[in-house]
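Observations on chain architecture
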Amino acid sequence: MKQGWEIKKIGQCFSSINNGANIKQIKGASGLPITRIETISNDRFNRDRMGYANIIDYKPYSKYLLSDGDILMSHINSMKFLGRAVVYKKRNNEVILHGMNLLRLIPINDIILSYYAVLYFRTELFKKDIGAISHQSVNQASFNITALKNLDIPVPPLAEQERIVEILDREFERIDALKANAEQNLQHAKDLFQSALKQELQPKEGWITMKLGAFAHMKAGDFIKASDIKDEYFEGAYPCYGGNGLRGYVKEPNRNGEYCLIGRQGALCGNIHIANGVFRATEHAVVVSPYQKMPIKLIYYLLVALNLNQYSTGAAQPGLSVKNIADNVSISVPPQDIWNSVALRLGVIESNCTALEENYRKTIVLCDDMKQALLRKAFNGEL
């Protein structure tokens, strides 16, 4: 460790580490904003993702008012997001209440800087420490304040903390720009395939347009208890597919052959994937059985081009009605003598676009790796 650095307990660096006010937030309410877990999503303070409870007078909650430089940390969440932390930077005279399910850490200013601490909280070492003190339940994980206070943190002199923050802020800004560019290009690659798909499958002379229900028989899969679906393969098991591909393995199948499946609930509405062999489908997937025998990849491309998610209904929990898309969505089918050639051309286009997407995904991962490498150097005293 660099000369002048100390190893302290997190509890020694903050005058207070506490949960927020136990206020039941009300959908559609107004008044003073209250922080919640979503407020610190994406490693930033999101003023547009706070809750409300029609509270106008802040005085009864004066000890829960956020101050400039406070750190908010997630301590009840999925394991991946435990320990996520952001610095609150106050704007003008705004009043924000610290709500439940986020810890507020108030730094001792002559020991530690908020932005330095948050950078340390993003390191792999801290994430590992958080994992060691966390308790996993059915749907979420958590850790307690006492355990957090007893974790170690390297603390250099304040001037050194300032220098580290300055260097990392500058480098992270450069990396974030590179990552944003890669993410934008990734979306362009996806759009490129959709554009090519739309152009290639534009109805032409000889193509037949029909309702989706006349093109294929469609039926939702069976209800299967989650406890009956196993993550790992076991002897005598069969693949089980849901709205987003392979879910796991079950004892009894209900299909044999090649089929396209359509996701029918939530964020997976309209998602298309292929299942083949002996398998089972859950109620979250619509099994498509075309009345014409055509290449499975062509069926896949024809369904993807329909953009079926636009036909979903329901705000809180979107869903696709099998009858609605069967009766109201039209599909254009090419003549049989060009089925294979159309599928082949689209396969080449898809392969090229997939290769582009993979390169951009690698760049995105590399950006995250670069940040972690810089963090390791910074907190090893090597910057």
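These lines cover the structure that appears in this document, whether it is placed above or below. For clarity, every value in this text was computed on a predicted model and none was experimentally measured. (Residues numbered from 1 in each chain as written. Predicted model: local features only at pLDDT ≥ 70, side-chain atom pairs only at ≥ 80, totals over all residues. Heavy atoms only, no water.)

Considering the environment of Leu168
- Here Leu168 lies in helix 5 (residues 158–200).
- Put simply, Leu168 and Arg47 are 121 residues apart on the chain and 25 Å apart in space, counted from C-alpha to C-alpha. (Helix = DSSP H or I, 4+ residues; strand = E, 2+ residues; numbered from the N terminus.)

Section: unusual backbone geometry
- One non-glycine residue, Asn42, lies in positive phi territory at about 60°.
- On the accessibility criterion, Asn42 (48% relative accessible area) is partly exposed.
- Even without being a glycine, Asn307 presents a positive backbone phi close to 50°.
- Of note, Asn307 is situated in the loop between helix 7 (296–305) and helix 8 (322–328). (Buried < 20%, exposed > 50% of the residue type's maximum accessible area, 1.4 Å probe, protein only.)

Observations concerning the state of the cysteines
- Under the defined criterion, the tally for this structure stands at zero disulfides.
- The cysteine Cys260 is free of any disulfide, with Cys269 supplying the nearest cysteine sulfur at 17 Å.
- According to the relative accessible area criterion, Cys260 is buried, its value standing at 0%. (Disulfide = S-S within 2.5 Å.)

Details of the sheet that holds strand 8 (residues 141–142)
- With antiparallel pairing, the three strands of this open sheet are ordered in space as 4-8-7. Only two strands of the sheet have a single partner each, and these edge strands are strand 4 (76–77) and strand 7 (135–136).
- Relative to strand 8, strand 7 runs antiparallel, the two sharing two bridges. Counterpart to His135 in the pairing with strand 8 is Ser142. (Pairing = 2+ DSSP bridges.)

What to know about the sheet that holds strand 15 (residues 272–281)
- If you trace the six strands from one edge of the open sheet to the other, you get 11-16-14-15-12-13, paired in mixed fashion. Each edge of the sheet is formed by a strand with only one pairing partner; in this case those strands are strand 11 (216–220) and strand 13 (245–250). Taking the axes of each pair of neighbouring strands and ignoring which way they run, one obtains an average angle of 40° across the sheet.
- Bridging between strand 12 (residues 238–242) and strand 13 involves five bridges; their strand directions are antiparallel. Following the sheet pairing, Tyr238 is matched in strand 13 by Val250. (Axes fitted to C-alpha atoms, helices over the stretch in contact; angles between N-to-C directions.)

Looking at a negative patch on the surface
- On the surface, a cluster of negative charge is contributed by Glu162, Glu166, Asp169 and Glu173.
- For Glu166, the position within the fold is in helix 5. (Patch = residues over 30% accessible without salt bridge, like charges linked within 9 Å, V, L, I, M, F, W, Y side chains within 5 Å. Areas by Shrake-Rupley, 256 points an atom, 1.4 Å probe, with all protein chains shown as cover. Salt bridge = Lys/Arg side-chain N within 4 Å of Asp/Glu carboxyl O. Lys, Arg positive; Asp, Glu negative; His and termini not counted. Charge placed at Lys NZ, Arg CZ, Asp CG, Glu CD.)

Some points on the environment of Tyr64
- Relative to the elements of secondary structure, Tyr64 occurs in the loop between strand 2 (14–18) and strand 3 (71–74).
- In the structure, Tyr64 is positioned 46 residues away from Asn18 in sequence and 9.7 Å away in space, judged by C-alpha atoms.
- Apart from residues lying up to four places away in sequence, Tyr64 is in contact with Asn19, Gly20, Ala21, Ile96, Leu97, His98 and Arg104. (Contact = heavy atoms within 4.5 Å.)

Quick word on the packing of helix 5 against helix 9 (residues 339–379)
- As a packed pair, helix 5 and helix 9 sit with axes 9 Å apart at the nearest point and diverge in direction by 170°. Classified by the interaxial angle, the pair formed by helix 5 and helix 9 is roughly antiparallel.
- Looking at the contact of helix 5 with helix 9 residue by residue, the classes come out as 23 nonpolar, two polar and 13 charged. (Parallel < 35°, antiparallel > 145°, perpendicular 65-115°, else oblique. Nonpolar A, V, L, I, M, F, W, Y, C, P; charged D, E, K, R; others polar.)

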